[in-house]
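Listed below are the residues making up each chain.
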Amino acid sequence: MFSALPTVPLLSLTGITKRFGNLVANSDVSLDVRPGEIHALLGENGAGKSTLMNIAAGYARADEGRIEVRGVPQEFRLPADAIAAGIGMVHQHFHLVDRLTVAENIVLNDEPGSAVLIDYKAANGEVRDLSERMGLPVDPKALVADISVAMQQRVEILKTLYRKADVLLLDEPTAVLAPAEVRDLLTVIRSLADSGVGIVLITHKLDEATLVADRLSVLRSGEIVARFDRGDASPAELAQEMVGREIHTVVARPHAVGATVLSVTDLEVDDSRGVPALRGVSFEVGESEIVGIAGVDGNGQAELVGVLAGLVTPNSGRATVAGEPLAFEHPRSIARQGVAHVPADRRKYGLVADFTLADNFALRGYYTAPFSKRGFLQRGVIDSLCAENMAHYGVKARGVDALAKELSGGNQQKLILAREMFTSPRLLLASQPTRGLDVGSIETVHGRLLKHRDEGCGILLVSFELDEILALSTRVVVLFEGRVVLDRPRSEVSREILGAAMTGAVAA
Ligand SMILES: Nc1ncnc2c1ncn2[C@@H]1O[C@H](COP(=O)(O)OP(=O)(O)OP(=O)(O)O)[C@@H](O)[C@H]1O
Ligand SMILES: [Mg+2]
């Protein structure tokens, strides 16, 4: 196995610097990927990870520095140039076409057959073969709009492999996955690496990084501050390198629960294909109470939040907020009832990418005080409130007039949290609130959620992270196949009890 000759890296980046105006996103960064290795790229939200990978994949151009593939200097003007050199990237936010099938998305721009006549039958067959060979099963004929996020991610990976990529740049691939899906994905990328592919894995989950990575590099404020080989750093040491301070897990102190804020009774809802998704769900959330909804993805969580946020109409059942019936299908009325919503899909429902941060901050309540006075927008007020609340949540950006799309993924998430909590809601619907956040930001956000709880806010917390559910919840509810199979005080559940309930092994 060991050769005396040093392996030429598949990809090497040397002295990369990238500026956006005055902001230096990457400063003299060097990083390489060798055949057969998984190289983890770690760093706080806004540290410059996505920027560096975008440069390596031809989506952005460096101001300074060199890119080499197998020792040969490259000039990537377009993503197609990088693909031709064997570099494939799977972005933090996917780039698939919803109304096309899986196979069409995979072969898009690279179809077999003549230029005019695409041979879809051949494409379906080829995609099926490839997906079986790679251990990434997909249904070639399914529409991308109808498949789960985990499936969409497989399609993105297959798309790069179809183009014969031997370097895969994966930007937070596990952030959108449930724990079992994470294990599957890590197995697949390990076997890809074993077959000679080089992989860069961006992740905020430090235990995952220490588990699978052969080498680890840490970016802080655009600079590489530490490099480790497998086994040389613990998750706690990595966290310290990333944020420059020690991280403490937030533990909720008990707080007396007040009057009922949300009451849900016998809710029945179908999913987008008309299949029952909630089958008679009932539970309550009180003032100063955090109710954690645990469960494997796809057991009704999305539909529950959809109904309560006013996006989906239930077939039957009731929901009240502070005793008043919830105005189903009227998101604005629901907001007036004091309900705030941190959506799981921040790109679709959370922010308007081309609006400024200030406009995004005022998005929910721009027509009311303090954002508006006698029908006039109060620009100055909006700007200063936005700046103040961004500081509260540690949103890093060049100013309130930056566009939402300029923010790093984690900073977008923190801006949504800041905006939703600003309204001092009675009830907060928080879906995966810390998805994509670095360890330091998770500590901040958990602290904020508990502070709002102490001030009386009732919180419905939907999370795939059992640690998060256990750390914050007053009560825990488990959904399984659209039913509540467990509803107990936090003190009466353990990780094992939840695990069993999530697979349907325990009755309520
Ligand atoms: N198109 C752009 N215009 C202006 N600034 C940008 C642009 N893209 C990125 N930035 C800035 O560059 C910095 C690095 O962002 P980047 O997206 O690389 O961070 P990241 O490490 O991927 O963070 P996260 O973990 O939150 O995804 C941030 O301050 C971000 O606001
Ligand atoms: Mg990023």
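Our structure is the block above this text.
Residues numbered from 1 in each chain as written. Chains lettered and ligands numbered in written order. Predicted model: local features only at pLDDT ≥ 70, side-chain atom pairs only at ≥ 80, totals over all residues. Heavy atoms only, no water.

K.L.:
Pulling in residues and values, what's your account of the environment of His39?
P.N.:
One can find His39 in strand β3 (residues 38–43). With relative accessibility at 2%, the residue His39 sits in the buried group. In this structure, the C-alpha to C-alpha distance between His39 and Leu216, residues 177 residues apart in sequence, is 5.6 Å. For His39, the contacting residues outside a window of four places in its chain are Leu31, Asp32, Ile199, Val200, Leu201, Arg215, Leu216 and Ser217. (Helix = DSSP H or I, 4+ residues; strand = E, 2+ residues; numbered from the N terminus. Buried < 20%, exposed > 50% of the residue type's maximum accessible area, 1.4 Å probe, protein only. Contact = heavy atoms within 4.5 Å.)

K.L.:
Any details on the sheet that holds strand β2 (residues 23–33)? Residues and values, ideally.
P.N.:
With antiparallel pairing, 4 strands are arranged side by side in an open sheet as β2-β1-β4-β5. Each edge of the sheet is formed by a strand with only one pairing partner; in this case those strands are β2 and β5 (72–74). Shown here is a sheet whose adjacent strand axes are inclined to one another by a mean of 30°, direction ignored. Looking at chain direction, strand β4 (residues 64–69) and β5 are connected through 3 bridges and run antiparallel. Bridging across to β5, Glu68 finds its partner in Pro73. Contacts between helix α1 (residues 49–56) and the sheet are confined to β1 (11–20), β2 and β4, with β1 contributing the most and set at about 120° to the helix. (Pairing = 2+ DSSP bridges. Axes fitted to C-alpha atoms, helices over the stretch in contact; angles between N-to-C directions.)

K.L.:
Run through the coordination of the magnesium ion (ligand 2), naming residues and quoting values.
P.N.:
The protein atoms that coordinate the magnesium ion (ligand 2) are Ser50 (OG) and Gln92 (OE1), at distances of 2.1 to 2.5 Å. On the criterion of sequence distance, the pair formed by Ser50 in helix α1 and Gln92 in the loop between β6 (87–90) and α3 (102–107) is long-range, its members being 42 residues apart. Owing to a relative accessible area of 16%, Gln92 belongs among the buried residues under this scheme. (Donors = N, O, S within 2.8 Å, 3.2 Å for Na, K, Ca; no water.)

K.L.:
Mind laying out a negative patch on the surface, listing which residues take part and the relevant values?
P.N.:
Together, Asp119, Glu126, Asp129 and Glu132 make up a negatively charged patch on the protein surface. Following the sequence through the fold, Glu132 ends up in helix α4 (residues 120–134). (Patch = residues over 30% accessible without salt bridge, like charges linked within 9 Å, V, L, I, M, F, W, Y side chains within 5 Å. Areas by Shrake-Rupley, 256 points an atom, 1.4 Å probe, with all protein chains shown as cover. Salt bridge = Lys/Arg side-chain N within 4 Å of Asp/Glu carboxyl O. Lys, Arg positive; Asp, Glu negative; His and termini not counted. Charge placed at Lys NZ, Arg CZ, Asp CG, Glu CD.)

K.L.:
Can you lay out the sheet that holds β6 for me, pointing to particular residues and giving the numbers?
P.N.:
If you walk across this open sheet you meet the 6 strands as β6-β7-β8-β3-β9-β10, and the pairing is mixed. Bordering the open sheet on either side are β6 and β10 (223–229), each of which pairs with just one other strand. This sheet shows a mean twist of 20° between the axes of neighbouring strands, independent of strand direction. Of the pairings in the sheet, the one linking β3 to strand β8 (residues 198–202) comprises 4 bridges and is parallel in character. Each residue of the ladder has a partner; that of His39, found in β8, is Val200. Strand contacts of helix α5 (residues 149–162): β6 and β7 (167–171), with the helix running at about 170° to β6, the strand carrying the most contacts. Its contacts with the sheet place helix α8 (residues 235–243) against β3, β9 (215–220) and β10, and it is angled at close to 30° to β9.

K.L.:
Kindly report on the pattern of salt bridges, identifying the contributing residues and their values.
P.N.:
All chains considered together, the criterion is met by 22 salt bridges. Salt-bridge contacts for Asp32 lead to Arg215; the nearest nitrogen and oxygen are separated by 2.6 Å. With Asp32 in strand β2 and Arg215 in strand β9, this residue pair connects regions lying 183 residues apart in the sequence. Given the relative accessible area of 14%, Arg215 is considered buried. The partner of Arg245 in a salt bridge is Glu443, with the nearest N and O atoms 2.9 Å apart. Residue Arg245 is located in the loop between α8 and β11 (260–270), and its partner Glu443 is located in helix α15 (residues 439–454); the two are separated by 198 residues in the primary sequence. Overall, Arg245 belongs to the partly exposed group, its relative accessible area being 36%.

Keep in mind these numbers describe shape, not what the thing actually does.
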